[in-house]
Amino acid sequence: MSKRRKKGPSHTLKAEDRHWYGKRQTARAAKSAERTGTATTAGARRTPSSSPTERPARRYAPEGPELVTGRNPVVEALRAGIPASALYVMTGASDDRVRESIKLATDAGVPLLEAGKAELDRMTDRAVHQGIVLQVPEYRYAHPDDLLRRGTPPLVVALDGVTDPRNLGAIVRSAAAFGAHGVLVPERRAAGVTAGAWKTSAGTLASVPVARATNLVRALKSYQSAGLFVAGLDARGAVGVGELEAASGPLVLVVGSEGKGLSRLVAETCDLLVNIPMGPSAESLNAGVAGGIAMYEIARRRSQR
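The structure reproduced in this document is the subject of the present report. (Residues numbered from 1 in each chain as written. Predicted model: local features only at pLDDT ≥ 70, side-chain atom pairs only at ≥ 80, totals over all residues. Heavy atoms only, no water.)

### Some remarks on the layout of surface pockets
Space inside the largest pocket adds up to approximately 360 Å³. Around the largest pocket, the lining is made up of 20 residues, and of these L233, D234, A235, S284 and L285 lie nearest the centre. Every element with two or more residues in the lining of the largest pocket is listed here: strand 10 (251-256) and helix 9 (287-303). The space that makes up the second largest pocket amounts to roughly 310 Å³. In terms of lining, the second largest pocket is formed by 14 residues, of which the most central are P186, R188, R189, N215 and L216. (1 Å grid on protein atoms, 1.4 Å probe; cavity = no way out; pocket = protein on both sides within 12 Å on 5 of 7 lines; lining within 4 Å. Points joined across faces, edges and corners; volume = space filled by probe spheres on them. Helix = DSSP H or I, 4+ residues; strand = E, 2+ residues; numbered from the N terminus.)

This is the structure:
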């Protein structure tokens with residue numbers, strides 16, 4: 001015969017009153033923080049915000065130093081003069097490429113550090129390193145306004161949707177060759193200054209600053225307010241870049257990605273869209289080539305002032 005429950009208030013303890021509740025909540029909070037990378041207070045329930053202004057701002061961690069791994073990539077990076085903060089060499093690692101890397105690093109004043117395999121595995125998250133790792137320090141980006149103080153009339157090259165660091169490096173190299181005062185890139189969904197960008201730039205990243213904009217459209221409007229003409233390089237442009245009359249004045253040249261071109265908002269922000277006349281056999285040029293051609297044409301018109 002089953003027992004009948006007594007009527008009246010229950011004497012069962014609530015979960016939060018039990019001895020194990022605090023420890024369980026702490027463990028859950030720690031696991032959540034480890035998974036998401038954000039700290040969570042144990043036992044505290046998050047209440048939905050009543051307005052967007054009350055929501056905490058999202059923060060993004062800095063990129064930190066970059067690691068170039070493998071014997072061929074490391075020696076090529078050092079040959080290209082990429083700035084480095086340390087060269088790690090595994091105990092006992094020795095061949096022609098390792099010896100050349102050590103000599104190049106020594107000549108450049110890069111500190112040499114001996115490391116065991118376990119340490120290099122841990123540094124590279126078990127990537128293939130072949131016993132040698134080059135540490136490249138985090139690049140210090142300029143502020144968009146800094147690019148306006150480097151020459152008169154200022155010429156800034158802005159990139160929209162360019163995600164290949166090699167294209168960024170090629171554009172910086174062209175900027176150095178044709179008198180541009182700096183390159184502007186968006187903070188997200190865009191190529192940044194990596195070892196690959198340094199290599200493609202052939203060292204010109206040391207003299208041509210790259211600035212980062214939190215919002216590219218807002219940065220372009222700020223340049224317009226400062227008196228710069230914004231020309232977007234796009235196949236839809238009605239004017240050839242060689243015929244751009246504003247080239248001799250304060251100018252921002254915006255280069256889009258191959259295929260997609262400029263994004264809608266960026267294109268709408270531009271004062272004028274210009275194109276590179278091409279034959280029917282090629283539909284488009286990659287960003288590095290297109291940017292170089294456009295900068296040459298702008299430099300040519302500027303020289304005729």
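Let's pick the thread back up.
### Re the pattern of salt bridges
Applying the stated criterion to the full structure yields 14 salt bridges. A salt bridge links R99 to D96, with the nearest nitrogen and oxygen atoms 2.7 Å apart. Residue R99 and its partner D96 are both found in helix 3 (residues 96-107); the two are separated by three residues, about one turn of the helix. On the accessibility criterion, D96 (58% relative accessible area) is exposed. Note that K117 is salt-bridged to D121, the shortest N-O span being 2.9 Å. Note that K117 and D121 are positioned in helix 4 (residues 117-123) at a spacing of four residues, about one turn of the helix. The network of salt bridges with common partners includes R71, D95 and R97. (Salt bridge = Lys/Arg side-chain N within 4 Å of Asp/Glu carboxyl O. Buried < 20%, exposed > 50% of the residue type's maximum accessible area, 1.4 Å probe, protein only.)

### Side note on the pairing of strand 7 (residues 210-213)
Where strand 6 (residues 182-186) and strand 7 come together, four bridges link them in parallel fashion. Note that in strand 7 the partner of P186 across the bridge is A213. Following the chain from strand 6 across helix 6 (residues 195-201) to the adjacent parallel strand 7, one finds a crossover that is right-handed. (Pairing = 2+ DSSP bridges. Right-handed = clockwise from strand over helix to strand, strands pointing away.)

### Side note on the sheet that holds strand 3 (residues 112-115)
Pairing is mixed across the open sheet formed by four strands, whose spatial order is 1-4-2-3. The outermost strands of the open sheet, each flanked by one partner alone, are strand 1 (66-69) and strand 3. Each strand axis lies, on average, 25° off the axis of its neighbour in the sheet, ignoring direction. One ladder, built from four bridges, connects strand 2 (residues 86-90) with strand 3; its direction is parallel. Each residue of the ladder has a partner; that of Y88, found in strand 3, is L113. Most of the contacts of helix 2 (residues 71-79) go to strand 4 (residues 132-136), to which it runs at about 40°, and overall it touches strand 1, strand 2 and strand 4. Of the strands in this sheet, strand 2, strand 3 and strand 4 are in contact with helix 3, which crosses strand 2 at around 150°. (Axes fitted to C-alpha atoms, helices over the stretch in contact; angles between N-to-C directions. Contact = heavy atoms within 4.5 Å.)

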